[in-house]
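Each chain is listed here by its residues.
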Amino acid sequence: LEGADVALLIAAMRHEATQDPALLTKVLARLKVEGIFAGLSATDLVEIAEGLKEREVQDAEALRPLGQEILRRRGELTPDESYRVHNAYQAMKLPLPEVWMQPGSAVKRDGSQLVTTQAFRPQEGHEKKRRGNNDVQRTSPPRVVRDYKMMSY
């Protein structure tokens, strides 16, 4: 299943006749895969979130990657879509700003080992500056002419 297939499945599952719990668990497992949302538009992501809200999904592990992708593309959303997706995540008991891990370090036990993970939250104004932006032409400094022979006259 690719991203577009998942979007179609969730749209189809919005109807009462197509409620299949086994299919829903497979779709939720697929939502956890890295890069599943690459071919989808921001509107499709909003519709997926609303479809999951109608299915009353509470799986935070499946909702987090979707919410993170929505937040990455928040510039593509209309104000109405942004409102709808925030309401959908509020109804699923996971507010959209909280899909990122809390910043800082966390220690988990993995078998007999302790694993430390550190999370960073992207902040406004800290984006990387793009190089090679040649849209603005800068004026060159004035040239200095050092012609000593001409200056002697």
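See the structure above.
Note that the structure is a prediction, hence the values are computed from the model and not measured.

Trainee: Looking at this structure, I do not really get the pairing of strand E1 (residues 104–110). What am I missing?
Mentor: In regular strands, side chains alternate between the two faces of the sheet. Burial of E1 is sparse: only zero of the seven residues sit out of reach of the surface. Alignment of E1 against strand E2 (residues 113–119), held across seven bridges, turns out to be antiparallel. Across the sheet, residue Asp110 finds its bridge partner in E2, namely Gln113. As consecutive antiparallel partners, E1 and E2 are separated by two residues, and within that stretch Gly111 has a phi angle of approximately 70°, a positive value.

Trainee: Teacher, can you tell me more about the pattern of salt bridges here?
Mentor: If charged atoms from side chains of opposite charge come close, those side chains can pair. The tally for this structure, following the rule as stated, stands at five salt bridges. Note that Glu50 is salt-bridged to Arg84, the shortest N-O span being 2.7 Å. Placement of Glu50 in helix H3 (residues 42–54) and of Arg84 in helix H5 (residues 79–91) is noted, with a sequence separation of 34 residues between them. The class for Glu50 is buried, based on a relative accessible area of 14%. Salt-bridge contacts for Arg84 lead to Asp80; the nearest nitrogen and oxygen are separated by 3.6 Å. On the criterion of helical spacing, the pair formed by Arg84 and Asp80 is a turn pair, its members being four residues apart in helix H5. A single network of salt bridges, built from pairs that share partners, joins Glu50, Asp80 and Arg84.

Trainee: Before we go on, may I ask you to explain the nonpolar core in this structure?
Mentor: The tendency in soluble globular proteins is for nonpolar side chains to be buried side by side. Counting 27 residues, the largest nonpolar core has Leu52, Leu66, Ile70, Val85 and Tyr89 as the members making the most contacts within it. At the level of elements, helix H2 (21–31), H3, helix H4 (60–72) and H5 are the ones that each hand at least two residues to this core. For Leu66, the residues in contact, after removing those within four places along its chain, are Phe37, Leu45, Ile48, Ala49, Leu52 and Tyr89.

Trainee: Quick question: what am I supposed to make of H3 here?
Mentor: Since the α-helix packs 3.6 residues into each turn, any two residues three or four apart lie on the same face. Given a rise of 1.5 Å per residue, 13 residues ought to cover 18 Å, and the 19 Å separating the end C-alpha atoms of H3 matches this to within 8%. Within the span of H3, buried status applies to Ala42, Leu45, Val46, Ile48, Ala49, Glu50, Gly51 and Leu52. Among the residues trailing H3, Glu56 stands out with phi positive, at a value near 55°.

Trainee: For this particular structure, what's the right way to read the side chain of Glu81?
Mentor: With respect to the helices and strands, Glu81 occurs in helix H5. One buried charged residue, Glu81, forms no salt bridge at all, with the nearest opposite charge on Arg84 at 5.1 Å. At 3.2 Å, the side chain of Glu81 forms a polar contact with the backbone nitrogen of Thr78. Among all residues touching Glu81, those that are not within four sequence positions of it are Thr43, Val46 and Glu76.

Trainee: Where do I start with unusual backbone geometry in this structure?
Mentor: Note on backbone geometry: most residues besides glycine have negative phi, and most peptide bonds are trans. For Glu56, which is not glycine, the phi torsion reads 55° and is therefore positive. When you line up the elements, Glu56 lands in the loop between H3 and H4. Overall, the relative accessible area of 62% leaves Glu56 in the exposed class. Residues other than glycine seldom take positive phi values, yet Lys93 does so here, at roughly 65°.

Conventions we followed
Residues numbered from 1 in each chain as written. Predicted model: local features only at pLDDT ≥ 70, side-chain atom pairs only at ≥ 80, totals over all residues. Heavy atoms only, no water. Buried < 20%, exposed > 50% of the residue type's maximum accessible area, 1.4 Å probe, protein only. Helix = DSSP H or I, 4+ residues; strand = E, 2+ residues; numbered from the N terminus. Pairing = 2+ DSSP bridges. Salt bridge = Lys/Arg side-chain N within 4 Å of Asp/Glu carboxyl O. Core = buried A, V, L, I, M, F, W, Y, C linked by side-chain atoms within 4.5 Å. Contact = heavy atoms within 4.5 Å. Expected span 1.5 Å × (residues − 1). Lys, Arg positive; Asp, Glu negative; His and termini not counted. Polar contact = N/O pair within 3.5 Å; in protein donor to acceptor, adjacent residues only side chain to side chain.

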